[in-house]
Amino acid sequence: QSALTQPPSVSGSPGQSVTISCTGSSNDIGGYNRVSWYQQAPGTAPKLIIHDVTIRPSGVPDRFSASKSGNTASLTISGLQAEDEADYYCSSYTRSISCVFGSGTKVTVL
Amino acid sequence: QLQLVESGGGVVQPGGSLRLSCAAAGFIVRGYGMHWVRQAPGKGPEWVAVIWHDGSKKYYSDSVRGRFTISRDVSMDTLYLQLNSLRVEDTAVYYCATEDGDFSHMGSWGQGTLVTVAS
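Residues numbered from 1 in each chain as written. Chains lettered and ligands numbered in written order. Predicted model: local features only at pLDDT ≥ 70, side-chain atom pairs only at ≥ 80, totals over all residues. Heavy atoms only, no water.

## Side note on the pattern of salt bridges
Throughout the structure, instances matching the rule amount to 7 salt bridges over all chains. For A:Arg63, the salt bridge identified is with A:Asp84, shortest N-O distance 2.8 Å. A residue pair is termed long-range when its members are at least 10 positions apart, and A:Arg63 in the loop between strand E4 (47-50) and strand E5 (64-69) and A:Asp84 in the loop between strand E6 (72-77) and strand E7 (86-94) qualify at 21 residues. Exposure remark for A:Arg63: the relative accessible area of 13% places this residue in the buried category. We classify A:Asp84 as buried; its relative accessible area is 1%. Because the salt bridges share partners, they merge into one network encompassing B:Arg38, B:Glu46, B:Arg67 and B:Asp90. (Salt bridge = Lys/Arg side-chain N within 4 Å of Asp/Glu carboxyl O. Helix = DSSP H or I, 4+ residues; strand = E, 2+ residues; numbered from the N terminus. Buried < 20%, exposed > 50% of the residue type's maximum accessible area, 1.4 Å probe, protein only.)

## Overview of the interface of chain A and chain B
With 18 residues of chain A at the interface, the matching set in chain B holds 19 residues. Between chain A and chain B lies a buried interface of about 1,500 Å² when both sides are counted; carbon and sulfur atoms form 63% of it. Counting the contacts that link chain A with chain B gives 1 salt bridge. As a salt-bridge pair, A:Arg34 and B:Asp102 come within 3.3 Å of each other at their nearest N and O atoms. One can count 3 residue pairs in polar contact (both at pLDDT 80 or more) joining chain A with chain B. (Contact = heavy atoms within 4.5 Å. Buried area = accessible area lost by both parts, 1.4 Å probe. Polar contact = N/O pair within 3.5 Å; in protein donor to acceptor, adjacent residues only side chain to side chain.)

Here's what the structure looks like:
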């Protein structure tokens, strides 16, 4: 199972919005509503910020939102803040009863 | 988030074996399906294996199937990952994580334990 495709990096100024795409196939993203997103700061474990395509866990700021269309999922960070600088990974359940992560996107706050 | 603590990592030669453990602090692991996820230095996370909350089902990634075994001890409320026939490319930080849905997302993660395979 190949990693889902994400852009290596995105950047924005404080207050701006950035969107990260995550492209898979009908065997994963397109076939199931089991897409999740994780935020990872350097030296720490990934942290769940979105699950089941659009659901934000308790405690995650509402500036994080997500969606899915076909084989592509997207994460949007609105009102970018300095603390949002981190690596972001998407993940999906797959037809082969497994899980696949994305290649990762580094978000830089200018 | 629930607190998970991994242990058992270390340095091992290619072809060697290691057993990783994952214990929970303040909650009961056996109520959750559990994953192992690894992350090689400078790379993204890679899913390794999952075990159902009751241990009835186990699934593995293609890269570890036949070499790694996920298990859980209900009495000890502990998750394990037995790593056999280790390869240099298995070098990574290994995390355990709870399955908080229907094989849909990992809600709580441990801090990870480093496995280094080198001669």
